[in-house]
Amino acid sequence: MPFEGNAIQLAKEVIPKLSQKLHKGQAGRIGVVGGSFLYSGAPYFCATSSLLMGADLCFVFCTKGASVPLKSYGADLIIAPLLKESKDFDYELDKNKLESVIQSDVSEISQMLSKIHAIIVGPGLGRDPIILDYACRICKIARQNDVSIVVDADGCHLVTQNRLCKAILSEDALDIGNLEGLKEQMLRLSKKLGHVNIVRKDRLDIITDGRSVLTCDEEGSLRRCGGQGDILSGITATLFNWSVHASSTKKDGVKISTLYSACVLTRLTGRLAFEKYKRTMRAGNYFEYINDAFTRLFEMD
């Protein structure tokens, strides 16, 4: 049974050691399903943080409207503008033609998914019904291929319709005074969804797999700028993927320990960034300190 005191050590055991024998992609190929006409920042923060955490490759499945800004942010990400939303159609398609377009796009995405270890669904996705249809179909294919799924932001309500994910990130106000009651609610919800892993983000993060509960109260940034949750999603996907493929995965509590460690590392990164930038801190400043936080958490005795 994991507890906060040994969770970091359990997570530490799944981190792949750097070696010249490693080949490209072995430390993780991550996919992000998100990025729409209005929102291109969220998938960027999410995808880039997964790379800075140690994943080798990151694919972003987005709409055409999000692809140009995403490509302009940098060359590290593989941008696949294969999602569509209602505004992409300047004429009214009948149901059969629309279905044909979606099936063709999803078929192409499916081929790429065969190379991916974990996907993050939701950052910058929006609530357009067509793009949500894409996301739902992608999740089903990912589950069939045993690809780990992290759901955040606009992707979260898909969980109420389909039991799709191995890790969920959700945002809710937390009543600190009723902490034990919240823990019980989280345990019941995880069990109801088939023992999925749930991270409830707030002043105090609560993490559960339906069997045990961990809480993270690591001091973080005093700034609440947009994009911090997306960074947590990217860090989580990389760490969780390592836990799935590590030889130590069979140990009790390894996977939930990686989720707890992702929360700690994200908060520590935020604290380091805030110490330098104070009120001017933005989500992009996290990128400068992910490695420092990683070193403090996992590589210093």
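Look a little higher up for the structure.
In this text, all values refer to a predicted model and were calculated from it rather than measured experimentally.

**Student:** Got a minute to help me understand the side chain of Ser221 in this structure?
**Tutor:** If you trace the backbone, Ser221 turns up in the loop between strand E9 (213-216) and helix H7 (228-245). At 2.9 Å, the side chain of Ser221 forms a polar contact with the backbone nitrogen of Arg223. Apart from the residues lying within four places of it in its own chain, the contact partners of Ser221 are Gln228, Arg267, Gly270, Arg271, Phe274, Met281 and Tyr286.

**Student:** I keep staring at the pairing of strand E7 (residues 197-201) and nothing clicks. Help me out?
**Tutor:** Two faces, one strand: in a regular strand the side chains alternate between the faces of the sheet. Among the five residues that make up E7, five are buried, leaving the element largely enclosed by the rest of the structure. Both faces of E7 are covered, namely the face carrying Asn197, Val199 and Lys201 and the face carrying Ile198 and Arg200. Examined bridge by bridge, E7 and strand E8 (residues 205-208) share three bridges and lie antiparallel to one another. Each bridged residue has a counterpart across the sheet, and for Val199 the counterpart in E8 is Ile207.

**Student:** Even after reading the chapter, I still don't get the side chain of Thr48, so can you show me in this structure?
**Tutor:** By the element assignment, Thr48 lies in helix H2 (residues 41-53). Thr48 has contacts with Leu77 and Phe287, leaving out every residue within four places of it along the chain.

**Student:** Any chance you could explain the packing of helix H1 (residues 4-12) against helix H8 (residues 254-277) here in plain terms?
**Tutor:** To describe two helices that pack against each other, one gives the angle between their axes and the distance between the axes. In contact at an axis separation of 8 Å, H1 and H8 are set at 100° when each is read in the N-to-C sense. The angle between H1 and H8 falls in the class roughly perpendicular. Within the contact between the two elements, H1 uses Glu4, Ala7, Ile8, Leu10 and Ala11 and H8 uses Val254, Ser257, Thr258, Tyr260, Ser261 and Val264. Class assignment of the residues belonging to the contact of H1 with H8 gives a composition of seven nonpolar, three polar and one charged.

**Student:** Could you clarify how one ought to interpret helix H3 (residues 64-73) in this entry?
**Tutor:** Working note: α-helix, 3.6 residues per turn, so residues spaced by three or four point in the same direction. All of the buried residues along H3 are Ala66, Ser67 and Leu70. Down the axis of H3, the smallest arc covering the buried residues is 110°, so these residues share one side. Exposed residues pointing more than 90 degrees away from the buried face of H3 are listed as Lys64, Val68 and Ser72. On its buried side, H3 packs onto H2, strand E2 (57-63) and strand E3 (78-83).

**Student:** How should I be thinking about the pattern of salt bridges in this particular structure?
**Tutor:** Two side chains of opposite charge can pair, provided their charged atoms sit close to one another. Under the defined criterion, the tally for this structure stands at nine salt bridges. Asp154 is the partner of Arg127 in a salt bridge, and the nearest nitrogen-oxygen pair spans 3.2 Å. Of this pair, Arg127 sits in the loop between strand E4 (118-121) and helix H5 (129-144) while Asp154 is found in the loop between strand E5 (148-151) and strand E6 (167-171), placing the two residues 27 residues apart along the sequence. Using a relative accessible area of 55% as the deciding quantity, one classes Arg127 as exposed. Here Lys201 ties to Asp152 by a salt bridge, and the two come within 3.3 Å at their closest N and O atoms. Taken as a pair, Lys201 in strand E7 and Asp152 in the loop between E5 and E6 lie far apart in primary sequence, 49 residues in all. Across this residue pair, the class does not change: Lys201 and Asp152 are buried.

**Student:** Explanation requested: the packing of aromatic side chains in the structure shown.
**Tutor:** Two numbers describe a pair of aromatic rings. These are the distance of the centres and the angle of the planes. All told, the structure shown has five aromatic pairs when counted by the stated rule. Where Tyr44 meets Phe45, the ring centres are 5.7 Å apart and the plane angle is 55°; that geometry is what we call tilted. Measuring from ring centre to ring centre gives 5.8 Å for Tyr44 and Phe287, while their planes differ by 75°; the resulting arrangement is edge-to-face. Of the two residues, Tyr44 is situated in helix H2 and Phe287 in the loop between H8 and helix H9 (290-299); the sequence distance between them amounts to 243 residues. Among the residues examined, Phe287 registers a relative accessible area of 18% and is labelled buried. Among the aromatic residues, those joined into a ring-pair cluster are Tyr44, Phe45, Tyr73 and Phe287.

Calculation notes
Residues numbered from 1 in each chain as written. Predicted model: local features only at pLDDT ≥ 70, side-chain atom pairs only at ≥ 80, totals over all residues. Heavy atoms only, no water. Helix = DSSP H or I, 4+ residues; strand = E, 2+ residues; numbered from the N terminus. Polar contact = N/O pair within 3.5 Å; in protein donor to acceptor, adjacent residues only side chain to side chain. Contact = heavy atoms within 4.5 Å. Buried < 20%, exposed > 50% of the residue type's maximum accessible area, 1.4 Å probe, protein only. Pairing = 2+ DSSP bridges. Axes fitted to C-alpha atoms, helices over the stretch in contact; angles between N-to-C directions. Parallel < 35°, antiparallel > 145°, perpendicular 65-115°, else oblique. Nonpolar A, V, L, I, M, F, W, Y, C, P; charged D, E, K, R; others polar. Arc of directions from axis to C-beta. Salt bridge = Lys/Arg side-chain N within 4 Å of Asp/Glu carboxyl O. Phe/Tyr/Trp six-rings, centres within 6.5 Å; stacked < 30°, edge-to-face > 60°.

Scope: geometric values only; no functional claims are made or implied.
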